[in-house]
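Architecture at a glance
Below, each chain spelled out in residue letters.
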Amino acid sequence: MTGPETITTDGVRDDPGVRQPFGAAYRRLWSAAVTSRFGDAVRTPALALLAASLTRDPRLVAGVVVAGQLPPLLLGLLAGVYADRWDRRRTMATVDGARCAVVAVLALLVLTGHVGIGALAAAAFLLAALGALFDAAAFAVLPAVVPAGLLPAANGRLAAGTAVAGGFVGAPVAGLLFATSAALPFAVDAATFAVAALLALTLPSARPARHVTPVTVHHRPSVWQAAGDGLRWIRRDRVLLRITLLTAASNLAISGLIAVLVLYALEVLGVTEAGYGALMASAMLGGLAGGLGAGRLATRLGTRTGLRWVLVAQTLALVTLAVSRHPVPGGIALAVFSAGSTTWNALWSAYGQRNVPAELLGRVGSAQRVVGLVAAPVGAALAGLTANMYGLPPVGYAAAVVFAVVTSAAWRVLGGNARSTQQPEDPAGVVLRDARHQFPVGKVAVEQAQRPGDE
């Protein structure tokens, strides 16, 4: 006997009583992502430890961190363009091959004693830049290997797998490897990239499909013109625009909380230094639970309703965290909040993957990430200033207030009357450009974006 049929907010019907297989291609994609994330988790703390062993100048150590944070913000839109122009499977494999080479060279420099802060910063920048391209391609390739009705669950399982590989396995292993040899974490990371590249090559070909036969063009549009297509699509899609702006607003609070979390845990919650790891483990467990439960939540409530209730749960968690002065309720609150973050990411990713045309997925996904990243440093800076002027407790209250405002807004703008509406720029439709042709796909895009919701 099967359960009642449900219709998601983006018009995809799911039958919760029928178990749909994810397929071998998804399992290989999942394996590639998890393997790569394990390598990242091994490399990242090793990079910080290596920087600290080379210099005690906090400006130089911070410079290595900043070098790894800038590329997604500066190059994210360009990464989306190339993810939409190139075969995504080959892009993922090539990028992981390039990252393998970068980390292997870094391991060799460390082993021979020729590494310096400049080399660490350059490696961090290159790896992050390549990572932006990989993320754009991976986001866009998922709908090619997973049925539309399983996208929330597929995104959630990816998040859960990478959380386990990064938090529970990779991070503890990193310190042991570095203690054995400073070059060993980077050698392991290079090996994981090589494995991930080989797994990516086994995926089905994922060259972006075209809706219609291309028409002749008289000029070659610039890459930046193509990059703007992702932002323009988000601007015209009401639901996607609202989700993107809500994500950016949420990141103000999230990044601010993360920026002072260690101090907040030690001084406000009363966590001991030995117990801080347990507190972080509770947050990771929450993220794992959220990833595994995202698909079920989307099936029961629908995407937009699910997103609204996720924000309600996160707001209550932040209120609990703000008023707590003990590690136990604080740890529970962090676990609930982390579960909500993972679920939110899985649901909004699935919405875009369902409703954005295949040839735009890389650009739209990258545009969403860039908009969210813009808010992150602002939130971190504000939290630092607030803590310096008024102490740490106001940061917790401010985060709760921000999420309360975001939740209130989401309850209105993601309600049952919200519709994903795309309006063509001219009667012939929106013209999407790539390096060789112009593709008038407005009519098809409008029909796809205007599918009825479930609420």
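Every value quoted in this text rests on a predicted model; they were computed, and no experiment measured them. (Residues numbered from 1 in each chain as written. Predicted model: local features only at pLDDT ≥ 70, side-chain atom pairs only at ≥ 80, totals over all residues. Heavy atoms only, no water.)

**A look at the overall build of the chain**
What the chain contains, in helices and strands, is 15 helices and 4 strands. Looking at the chain as a whole, 51% of its 455 residues qualify as buried. Restricting the contact set of the chain to residue pairs at least 6 apart, pairs at least 24 apart contribute 86%. (Helix = DSSP H or I, 4+ residues; strand = E, 2+ residues; numbered from the N terminus. Buried < 20%, exposed > 50% of the residue type's maximum accessible area, 1.4 Å probe, protein only. Contact = heavy atoms within 4.5 Å.)

**Remarks on helix H12 (residues 327-355)**
Between its terminal C-alpha atoms H12 stretches 42 Å, which fits the 42 Å expected from 29 residues at 1.5 Å a residue. Buried residues dominate H12, accounting for 23 of its 29 residues. (Expected span 1.5 Å × (residues − 1).)

**Looking at the pattern of salt bridges**
With the rule as written, the count across this model stands at 8 salt bridges. In this structure, Asp189 and Arg43 form a salt bridge, with 2.7 Å as the shortest nitrogen-oxygen distance. Taken as a pair, Asp189 in helix H6 (residues 184-201) and Arg43 in helix H1 (residues 24-54) lie far apart in primary sequence, 146 residues in all. Here the two residues Asp189 and Arg43 agree in accessibility, since each one is buried. Three or more residues are tied together by salt bridges with common partners; here these are Asp84, Arg88, Asp229, Arg232 and Arg363. (Salt bridge = Lys/Arg side-chain N within 4 Å of Asp/Glu carboxyl O.)

**Quick notes on helix H5 (residues 151-180)**
Three- or four-residue spacings in an α-helix give side chains the same orientation, since the helix completes a turn every 3.6 residues. If you check H5, its first and last C-alpha atoms are 41 Å apart, about what 30 residues at 1.5 Å a residue would give, namely 44 Å. The largest bend in H5 comes to about 45°, at Gly170, with the proline Pro172 one to four residues further on. (Bend = angle between axes of the 7 residues up to and from the residue.)

**Structural notes on a nonpolar patch on the surface**
Taken together, the side chains of Val66, Leu70, Leu73, Leu74, Phe125, Leu126, Leu373 and Val374 make up a nonpolar region of the molecular surface, amounting to roughly 600 Å² of accessible area. Per element, the largest residue contribution to the nonpolar patch is 4 residues, and it comes from helix H2 (residues 58-85). Considering the arrangement of structural elements, one finds Leu70 in helix H2. Take Leu70: its relative accessible area is 36%, and that puts it in the partly exposed class. (Patch = residues over 30% accessible without salt bridge, like charges linked within 9 Å, V, L, I, M, F, W, Y side chains within 5 Å. Areas by Shrake-Rupley, 256 points an atom, 1.4 Å probe, with all protein chains shown as cover.)

**Concerning the nonpolar core**
General note: in soluble globular proteins, nonpolar side chains tend to be found buried as a group. The biggest cluster of nonpolar side chains holds 55 residues, and the ones touching the most others in it are Ile243, Leu318, Leu321 and Trp344. For this core, the two domains that each supply at least three residues are domain 1 (23-205) and domain 2 (223-415). Once residues lying within four places of it in the same chain are set aside, the contact partners of Leu321 are Leu257, Tyr264, Leu269, Gly330, Ala333 and Leu334. Counting 28 residues, the second-largest nonpolar core is a separate cluster that includes Ala25, Met92, Ala138 and Val141. (Core = buried A, V, L, I, M, F, W, Y, C linked by side-chain atoms within 4.5 Å. Domains from an automatic or database assignment.)

**Observations regarding the side chain of Arg43**
What makes Arg43 buried here is its relative accessible area of 11%. Ignoring anything within four residues of it in the chain, the contact list for Arg43 reads Val103, Leu127, Phe186, Asp189 and Phe193.

**Some remarks on the packing of aromatic side chains**
Evaluated as defined, the whole model comprises 4 aromatic pairs. Ring centres of Phe139 and Trp348 lie 6.2 Å apart, and the angle between their planes is 35°; on these two criteria the pair is classed as tilted. On the criterion of sequence distance, the pair formed by Phe139 in helix H4 (residues 117-145) and Trp348 in helix H12 is long-range, its members being 209 residues apart. With relative accessibility at 9%, the residue Trp348 sits in the buried group. Both rings, one in Phe337 and one in Phe403, keep their centres 5.3 Å apart while their planes meet at 70°; by these two values the pair is edge-to-face. In this pair, Phe337 sits in helix H12 while Phe403 sits in helix H14 (residues 393-413), placing the two residues 66 residues apart along the sequence. Phe403 carries the same exposure label as Phe337, and that label is buried. In this structure, Arg99 is placed above the aromatic ring of Phe134, and the distance from its NZ or CZ to the ring centre is 4.8 Å. Residue placement shows Arg369 over the ring face of Phe139; its charged tip is 5.6 Å from the ring centre. (Phe/Tyr/Trp six-rings, centres within 6.5 Å; stacked < 30°, edge-to-face > 60°. Lys NZ or Arg CZ within 6 Å of the ring centre and 35° of its normal.)

**A short note on the confidence of the model for the chain**
Taken as a whole, the chain shows an average pLDDT of 82; of its residues, 83% reach a score of 70 or greater. Across residues 1-19 the pLDDT falls below 50, and counting only partners more than four positions away or on other chains, this stretch makes 49 contacts in the model. Below a pLDDT of 50 lies the segment residues 419-455, which in the model reaches 103 contacts outside its immediate sequence neighbourhood of four places, other chains included. (pLDDT = per-residue confidence, 0-100.)

**What about the packing of helix H11 (residues 303-323) against H12?**
Look at H11 against H12: their axes get within 8 Å of each other, and the N-to-C directions meet at 160°. In terms of orientation, H11 lies roughly antiparallel with respect to H12. Of the two possible hands of crossing, H11 and H12 adopt the one that is left-handed. When the residues that make up the contact of H11 with H12 are grouped by side-chain class, the tally is 16 nonpolar, 8 polar and 1 charged. (Axes fitted to C-alpha atoms, helices over the stretch in contact; angles between N-to-C directions. Parallel < 35°, antiparallel > 145°, perpendicular 65-115°, else oblique. Left-handed = near helix turned anticlockwise from the far one by under 90°. Nonpolar A, V, L, I, M, F, W, Y, C, P; charged D, E, K, R; others polar.)

**Focus: the environment of Gln353**
Relative to the helices and strands, Gln353 resides in helix H12. Assessed through its relative accessible area of 5%, Gln353 is described here as buried. Those residues in contact with Gln353 that lie beyond four places of it in its chain are Phe139, Leu142, Pro143, Leu151, Asn155 and Leu361. At a separation of 3.1 Å, a polar atom in the side chain of Gln353 contacts the main-chain carbonyl oxygen of Phe139. A polar contact is formed between the side chain of Gln353 and the side chain of Asn155, at a distance of 2.8 Å. (Polar contact = N/O pair within 3.5 Å; in protein donor to acceptor, adjacent residues only side chain to side chain.)

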